[in-house]
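Here is what each chain is made of, one letter per residue.
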Amino acid sequence: MKKYNFTQANVHSSFMTLTPAPKAILNSLCKEFLSVNVSAILYLMNYEKYGRSTASAQYFLQLAGYLGIPVIAWNADNSGLERRASQSSLQLQLAPSLEHQTAAMLSILERYKWHQFSIVTSQIAGHDDFIQAVRERITEMQDRFKFTILNAVLYTKASDLVTLVNSESRVMLLYCTREEAIHILNHARELKITGENYVWVAAQSVIATGTPPTQFPVGMLGVHFDTSSTSLVTEITTAIKVYAYGVEDFVNDPRNANLSLNTKLSCEGAGLGDSRWETGDRFYKYLRNVSVENDMGKPNVEFTADGVLKAAELKIMNLRPGNNKQMMVWEEIGVWKSWEGEGLDIKDIVWPGNSHTPPQGVPEKFHLKITFLEEPPYVQLAPPDPVTVKCNMNRGVLCRVAREQDVAEMDQFSAHRNSSFYQCCSGFCIDLLEKFAEELGFTYELVRVEDGKWGTFENGRWNGLVADLINRKTDMVMTSLMINSEREGVVDFTVPFMETGIAIAVAKRTGIISPTAFLEPFDTASWMLVGVVAIQAATFTIFLFEWLSPAGFDMKVTPAANHRFSLFRTYWLVWAVLFQAAVHVDSPRGFTSKFMTNMWAMFAVVFLAIYTANLAAFMITREEFHEFTGVDDSRLSKPYSHKPMFKFGTTPYSHTDSTIKRYFVEMHAYMRNFNRTSVQEGIAAVNSGELDAFIYDGTVLDYLVAQDEDCRLLTVGSWYAKTGYGLAFSRNSKYVQMFNKRLLDFRENGDLERLRRYWMTGTCKPGKQEHKTSDPLALEQFLSAFLLLMSGVLLAAILLFFEHIYFKYIRVKCAKTDQGGCCALLSLVSQSMGKSLTFRGAVFEAQDILRHHRCKDPICDTNLWKTRHELDLTRLRVLQLERSLDAHGIKPPARHINAPHAGVLMHHRDMTRNHVFTNEFGSRCYRPDEREVQEMETVL
């Protein structure tokens, strides 16, 4: 079997060097391979042309995979094979893969701390796989080293490399054929991107074999593995071992006892053989799982699940001058080993430009002249330290505030000591500028704009910051310069680093307590419901239930003489309960009306609790201010329409001024008399009351409001003409894209947000909602009180029904059967109902009143004397009646009355006895019992 596979490997190697057509490959595979029932193909070659031979090899391997025949390969151009196709085949690759090459190339970048790079490829087979392999390797390494791919250039023509000229990239990974590399590097040299500051790292396909072309720059790096004939012979031995170990494992496995390694395949159709070897997939797994001994110090030959070699070794090559100084040679300077932690061992390198030090891998430092205009918190000025003539850490950087010609007349040291020439700049924009300088590696000079204007189009020409950019007096403007369409027409802006708009600042003024503050806890609808509905409903329901109650009016128009209750007295009761007034009121007698009165009292408790709790929020001194809705508020945009007119302004020659001038002509003309030269003056005027409002950039006003010591300032209304602040450059500046990319990075990683929080916060934070007092309570917020009242009305109506049932049916029955007053004692209806069951109960009540009553005024004593006198007269009348009865032969029973009190009964009345008798005239007469007489006396 081993001899047979040697034969097939030799045949296959000679076959592939001919690069035949696909039909010839298929015919050869059918006649020369399938006819002898091969169980595996050893495919080994060191051809590196990456042309038709690579395409033929891929076609051949795909056919082998389709037939189910495993392939053990070692081909120098394996990186040119599409990974999707190779992964679908039954292939084991002994040569270092494309993934190994990208890992070795990135190890070089990691060694020299080159974080950012670009990728240049041609249309070579596998160029997409190369880029994908680089991205996957970056993802694997991101925990220990972060890479950034700046550009991925697919070279088809010379102009494609222009992207690299405008890029920050100084390290390029090159993947193409040797011939294509000559054209690419030749054009790169013309574009001056192969000098001493640029490093090109090439893949195996670029280095190949032979003398390096003269177009390759000195100091070029690359990864390489040996593709010589000697190496090829060595790999044949390894391939045979892999095959032999796989056969041995397959045969020794008892599960394969009924399986054969005889393929029996045919291309002639059905009946002559199978079209695919079903056992091939199973046999491939045994081949993939083998472990073959390797040279001393190297790990065993093993494969991944994709059939790729686990442990690979690549040489790191450096292009340097040869011995005759005219010939260039590739010299091995190190080795990359995938199985070692460090992975890379490099000796001395000849760097680009024959330098002995590695390039920085980033653009070389450049110098920028940057113009600014101060505006807190973006740029603010402070004098430098008088001793050191330097800026402290919290004071930013030194910046020139005088004209250049004025400074030129003095020596530098004296100029720096003069605060009218140099000051310290700090703020949001200065911190952002420092981050740019650190990331992009440039130096700068900060200069204040000479005319002190932001940049507006006046009298047919631009002024201020925009004019300096147009006239090329500066490279960049770094301050709170707002982006608008006019400025964008003459200069280039980056993406905004902060959003803003036109806002309004006003001052709070202390007012007085509102005269209607006691009505403000509830809204109008709530007061109407309480006054018109709740009070009226409670009054009429209480009186209605009293009129319908049997214990009350009992539906009679004329009440009892001692029943002092009416509709107006009900109103008095309702108002007294609502406001918890300690006044004399007449209470109803009916149980239902009493219950309804209690429900109204519960409603009053809830209502007063809510009212009292909310009243404190309104009985305070109000802070009044002008609450404008925005710049387009009619009181501002049409100032003459409001009397008295408001006083407001802005700063001239600013974005706010030009915007108002364009869209609100009348407003701009009116406010010109109230404008201030600086924002600080405008804010001071608002604080002092000279101005009612100051209009300016929203973020600046928010900052100044937050810094106000008295917290009397606040911004009102919505922002108008929303835009943003951006860095400004001259037209077609090469720095715009560079700064744009960094700005997006700062926004993504949160640096801009951290700067904003640091610079935009203050001790006073008067949010736009803090000036508002509590809102009046709406009806739905205390609807539960009304639901309680409605529930009480319904429940009282039900109780009224039971009250009528009681008086009509139950009380009469209880009165007839109650002997000891049990019904009165256990009555759950009311005390008055219970007492009404017995006459004795009424007598006891009267006795109790007489016994315990003590008068407190002369009128009461007079009335009490009168009552006792009437009682004595009544007692005399009783005695006369007794004598009259005695004269007629009727003997009255003995009376036991306590004369002093005339109301204490000695015995209980027997309700079961019959006191009717027949007199001498034959008529039926009533003879009162002694206890009845005593009770009558007490009541009278």
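Residues numbered from 1 in each chain as written. Predicted model: local features only at pLDDT ≥ 70, side-chain atom pairs only at ≥ 80, totals over all residues. Heavy atoms only, no water.

The criterion, for reference: UniProt positions are given in the numbering used here, feature names are shortened, and annotations may be inferred rather than shown by experiment.
As recorded in an unreviewed UniProt entry, the protein goes by the name Glutamate receptor ionotropic, NMDA 2B isoform X2, listed as coming from Thrips palmi. The record held by UniProt for the protein lists under Sequence similarities (unreviewed entry) the comment "Belongs to the glutamate-gated ion channel (TC 1.A.10.1) family."

Notes on the nonpolar core
Put simply, the test is: Take the buried Ala, Val, Leu, Ile, Met, Phe, Trp, Tyr and Cys residues and link them wherever side-chain atoms come within 4.5 Å; each set so joined is a nonpolar core. When accessible area is computed with a 1.4 Å probe and restricted to protein chains, residues below 20% of their type maximum are described as buried, those above 50% as exposed, and intermediate ones as partly exposed. Each helix is a run of DSSP H or I of at least 4 residues and each strand a run of E of at least 2, with the numbering of both proceeding from the N terminus. Contact between two residues is taken to exist if any of their heavy atoms lie within 4.5 Å; hydrogens are not considered.
Ranked by size, the top nonpolar core spans 86 residues in total, and within it F428, L432, F436, F497 and F739 carry the most contacts. Here this core takes eight residues from helix α14 (residues 428-440), the largest share from any one element. Those residues in contact with L432 that sit more than four places away from it in its chain are M478, F497, L743, F746, L752 and L755. Counting 82 residues, the second largest nonpolar core, distinct from the first, contains A73, L221, W336 and I349.

A short note on the state of the cysteines
Put simply, the rule reads: Cysteine sulfur pairs qualify as disulfides if the two atoms are within 2.5 Å.
Throughout the structure, instances matching the rule amount to two disulfides. Each sulfur in the disulfide pair C391 and C424 lies 1.9 Å from the other. Disulfide C391-C424: torsion about the S-S bond near -100 degrees, hence left-handed. Remark: C424 occurs in strand β15 (residues 422-426) and C391 occurs in the loop between β13 (380-382) and β14 (397-400); sequence separation between them is 33 residues. The exposure class assigned to C424 is buried, which follows from its relative accessible area of 0%. Between the sulfur atoms of C399 and its disulfide mate C425 the distance is 1.9 Å. In this structure the cystine formed by C399 and C425 twists about its S-S bond by roughly 85 degrees; its chirality is therefore right-handed. Of this pair, C399 sits in strand β14 while C425 is found in strand β15, placing the two residues 26 residues apart along the sequence.

Thoughts on the sheet that holds strand β5 (residues 148-154)
Rules: Note on pairing: two strands pair once DSSP finds at least 2 bridges between them. Note on definitions: angles span 0 to 180 degrees between N-to-C directions of axes, and those axes are lines fitted to C-alpha atoms, for helices only across the stretch in contact.
The eight strands are arranged β5-β4-β6-β7-β8-β9-β10-β11 in an open sheet whose pairing can be described as mixed. Pairing within the sheet leaves two strands with one partner each, and these edge strands are β5 and β11 (344-346). Taking each pair of neighbouring strands and ignoring which way they run, the sheet shows an average axis angle of 25 degrees. Pairing of strand β10 (residues 328-337) with β11 involves three bridges; the strand directions are antiparallel. Bridging from a neighbouring strand, W336 pairs with L344 of β11. This element, helix α6 (residues 127-141), spans β4 (116-121), β5 and β6 (171-175) of the sheet and lies at about 160 degrees to β4.

Re a nonpolar patch on the surface
The following threshold applies: Like-charged residues within 9 Å of one another, or nonpolar side chains (Val, Leu, Ile, Met, Phe, Trp, Tyr) within 5 Å, are grouped into patches, provided each residue has over 30% relative accessible area and no salt bridge. Only the protein chains shown count as cover for residues, and all accessible areas are computed by the Shrake-Rupley method using a 1.4 Å probe. Put simply, a salt bridge is a Lys or Arg side-chain nitrogen that is within 4 Å of an Asp or Glu carboxyl oxygen.
On the surface, a cluster of nonpolar side chains totalling about 420 Å² of accessible area is made up of L795, I798, F801 and F802. Looking at the secondary structure, you find F801 in helix α27 (residues 783-817). Using a relative accessible area of 52% as the deciding quantity, one classes F801 as exposed.

Describing the UniProt feature "site: Interaction with the cone snail toxin Con-ikot-ikot" (unreviewed entry) in the protein
The sites that UniProt annotates as "site: Interaction with the cone snail toxin Con-ikot-ikot" (unreviewed entry) are K661. Taking relative accessible area as the criterion, K661 reaches 42% and is therefore assigned partly exposed. For K661, the contacting residues outside a window of four places in its chain are E458 and H668.

With respect to the environment of N300
In plain terms, the rule: Whenever a nitrogen or oxygen atom comes within 3.5 Å of another N or O atom, the pair is scored as a polar contact, on the condition that within protein one atom can donate a hydrogen and the other can accept it, and that pairs from neighbouring residues in sequence are kept only if both atoms are in side chains.
Within the fold, N300 resides in the loop between α11 (280-288) and β9 (313-321). Each C-alpha atom, one on N300 and one on A311, is 7.9 Å from the other, the two residues being 11 residues apart in sequence. Polar contacts involving the side chain of N300 include one to the side chain of S291, which spans 3.2 Å.

Here we look at the packing of aromatic side chains
Basically, it comes down to this: When two rings of Phe, Tyr or Trp (its six-membered ring) have centres within 6.5 Å they constitute a pair, described as stacked for plane angles under 30 degrees, edge-to-face for angles over 60, and tilted for the intermediate range. Geometrically, a charge over a ring is one whose NZ (Lys) or CZ (Arg) sits within 6 Å of the ring centre while staying within 35 degrees of the ring normal.
Summed over the entire model, instances satisfying the criterion amount to 34 aromatic pairs. When the ring of F729 is compared with that of F739, the centres are 5.3 Å apart and the planes differ by 50 degrees; the resulting orientation is tilted. Here F739 lies in helix α25 (residues 736-749) and F729 lies in strand β27 (residues 728-729), a separation of 10 residues in the sequence. A relative accessible area of 0% places F729 in the buried class. F739 sits in the buried class, given a relative accessible area of 0%. Members of the aromatic cluster, connected to one another through ring pairs, are F366, F436, F442, Y444, F729, Y735, F739 and F746. The ring of Y653 has K453 sitting right over it, with the charged end atom 4.2 Å from the ring centre.

Topic: the sheet that holds strand β1 (residues 41-45)
Strand order in this open sheet of three strands is β1-β2-β3, and the pairing throughout is parallel. At either margin of the open sheet sits one strand with a lone partner, and together these are β1 and β3 (91-93). Each adjacent strand pair in this sheet contributes to an overall mean axis angle of 20 degrees, direction not counted. Where strand β2 (residues 71-75) and β3 come together, three bridges link them in parallel fashion. Within β3, the position partnered with V71 by the bridge is Q91.

Some details on the pairing of strand β21 (residues 498-507)
A large share of β21 lies buried, amounting to nine of its 10 residues. Pairing geometry for β21 and strand β26 (residues 713-725), over eight bridges, is antiparallel. Paired with I502 across the strands is Y720, a residue of β26. Here β21 runs beside strand β25 (residues 693-697); their pairing, made up of four bridges, is antiparallel. Residue pairing across strands places I504 opposite I695, the latter belonging to β25.

Some points on the environment of K508
Structurally, K508 can be placed in the loop between β21 and β22 (509-510). Within the structure, K508 has its side chain in polar contact with the backbone oxygen of C711 (distance 3.0 Å).

Regarding the confidence of the model for the protein
Selection rule: Known as pLDDT, the predictor's per-residue confidence is scaled from 0 to 100.
The share of residues in the protein with pLDDT of 70 or more is 78%, and the mean pLDDT across the chain is 79. Per-residue pLDDT stays below 50 along residues 1-18; that stretch engages in 36 contacts with residues further than four places along the chain or on separate chains. Across residues 826-841, where pLDDT falls below 50, the model places 27 contacts with residues more than four positions away in sequence or in other chains.

Topic: the side chain of T238
Tracing the backbone through its elements, the reader meets T238 in helix α10 (residues 229-252). For T238, a relative accessible area of 18% translates into the label buried. When residues no more than four places from it in sequence are discounted, the contact partners of T238 are L94 and V301.

Section: unusual backbone geometry
For the bond running from P376 to P377, omega is 0 degrees, close enough to zero to count as cis. One can find P377 in the loop between β12 (366-372) and β13. In this model, K643 is joined to P644 through a cis peptide bond whose omega is -5 degrees. Of note, P644 is situated in the loop between α20 (634-637) and β24 (648-649). Residues other than glycine seldom take positive phi values, yet R472 does so here, at roughly 60 degrees. Examined against the element boundaries, R472 turns out to sit in the loop between α15 (464-470) and β19 (476-477). Residue classification places R472 among the exposed residues on the basis of a relative accessible area of 56%. You will see that N732, though not glycine, has its phi angle at about 60 degrees, which is positive. Tracing the backbone through its elements, the reader meets N732 in the loop between β27 and α25.

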